[in-house]
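A closer look at the structure
Here are the chains, one letter per residue:
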Amino acid sequence: QVQLVESGGGLVQAGGSLRLSCAVSGRTFSSTAMAWIRQAPGKEREFVAAISWSVGLTLYAGSVKGRFTISRDNAKNTVYLRMNSLKPEDTAVYYCAARAAPATAQVELYHYWGQGTQVTVSS
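A brief report on the enclosed structure follows. Treat the numbers as computed from the prediction; the structure is a model and nothing was measured.

1. Some points on the overall build of the protein chain
Along the protein chain, the regular secondary structure elements total 0 helices and 11 strands. In sequence order, the protein chain lays out its α and β elements as β-β-β-β-β-β-β-β-β-β-β. Scaling as 2.2 N^0.38, a compact globule of 123 residues should have a C-alpha radius of gyration of about 14 Å, and the protein chain matches this with 13 Å. Put simply, the protein chain has 123 residues, and 42% of those count as buried. In the protein chain, once contacts between residues fewer than 6 apart in sequence are set aside, the share between residues at least 24 apart is 56%.

2. Structural notes on the sheet that holds strand S1 (residues 2–7)
What holds strands together in a sheet is hydrogen bonding between their backbones, with the strands either parallel or antiparallel. Taking strand neighbours across the sheet as the criterion, the 4 strands line up as S1-S3-S8-S7 in an open arrangement whose pairing is antiparallel. Of all strands in the sheet, those with a lone pairing partner are S1 and strand S7 (68–73), marking the two edges. On average, adjacent strands in this sheet sit at an angle of 20° to one another, irrespective of strand direction.

3. Overview of the pairing of strand S11 (residues 117–122)
Burial along S11 is one-sided: Thr117, Val119 and Val121 are buried, while Gln118, Thr120 and Ser122, pointing the other way, are not. Here 4 bridges tie strand S2 (residues 10–13) to S11, and the two strands are oriented parallel to one another. Paired with Val12 across the two strands is Val121, which belongs to S11.

4. Focus on the state of the cysteines
Enumeration according to the criterion identifies 1 disulfide in this entry. Here Cys22 pairs with Cys96 through a disulfide, and the sulfurs are 2.1 Å apart. With the S-S bond torsion at -85°, the cross-link from Cys22 to Cys96 turns out left-handed. Remark: Cys96 occurs in strand S9 (residues 92–99) and Cys22 occurs in strand S3 (residues 18–26); sequence separation between them is 74 residues. A relative accessible area of 0% places Cys22 in the buried class.

5. Considerations on the pattern of salt bridges
A complete count under the given rule lists 3 salt bridges for this structure. With a closest N to O distance of 2.8 Å, Arg67 and Asp90 form a salt bridge. Within this pair, whereas Arg67 is found in the loop between strand S6 (58–60) and S7, its partner Asp90 is found in the loop between strand S8 (78–83) and S9, the two being separated by 23 residues in sequence. Like Arg67, the residue Asp90 is buried in the burial classification. Salt bridges sharing partners connect three or more residues here, namely Arg38, Glu46, Arg67 and Asp90.

Cut-offs used in this document
- Residues numbered from 1 in each chain as written.
- Predicted model: local features only at pLDDT ≥ 70, side-chain atom pairs only at ≥ 80, totals over all residues.
- Heavy atoms only, no water.
- Helix = DSSP H or I, 4+ residues; strand = E, 2+ residues; numbered from the N terminus.
- Rg over C-alpha atoms; globule rule 2.2 N^0.38 Å.
- Buried < 20%, exposed > 50% of the residue type's maximum accessible area, 1.4 Å probe, protein only.
- Contact = heavy atoms within 4.5 Å.
- Pairing = 2+ DSSP bridges.
- Axes fitted to C-alpha atoms, helices over the stretch in contact; angles between N-to-C directions.
- Disulfide = S-S within 2.5 Å.
- Salt bridge = Lys/Arg side-chain N within 4 Å of Asp/Glu carboxyl O.

Encoded structure:
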């Protein structure tokens, strides 16, 4: 069983930065991938970024590439999302997700989800 707990969300002005954290507990496999997925009110879930737990291979949505950075600290069992140059359209609930398979941008393939953390970017 994998449990995920997000933190670090908040209110920032456009152009500002935030770092989200996802604490991971429970059993994981060497092939486990972690992802950040967001959902704005009334919209579908949107892939943001993913990373393979052991190797560090990363994937990014085109809308955030160059602004966001996903990383992980294996010793701390934590995955991070550093968000720079935030825009109002980045406003959403950000979820940490995991799957026991290679990283993918397809949201439906992630099996485990955290509770989410709210990120609000004001203009």
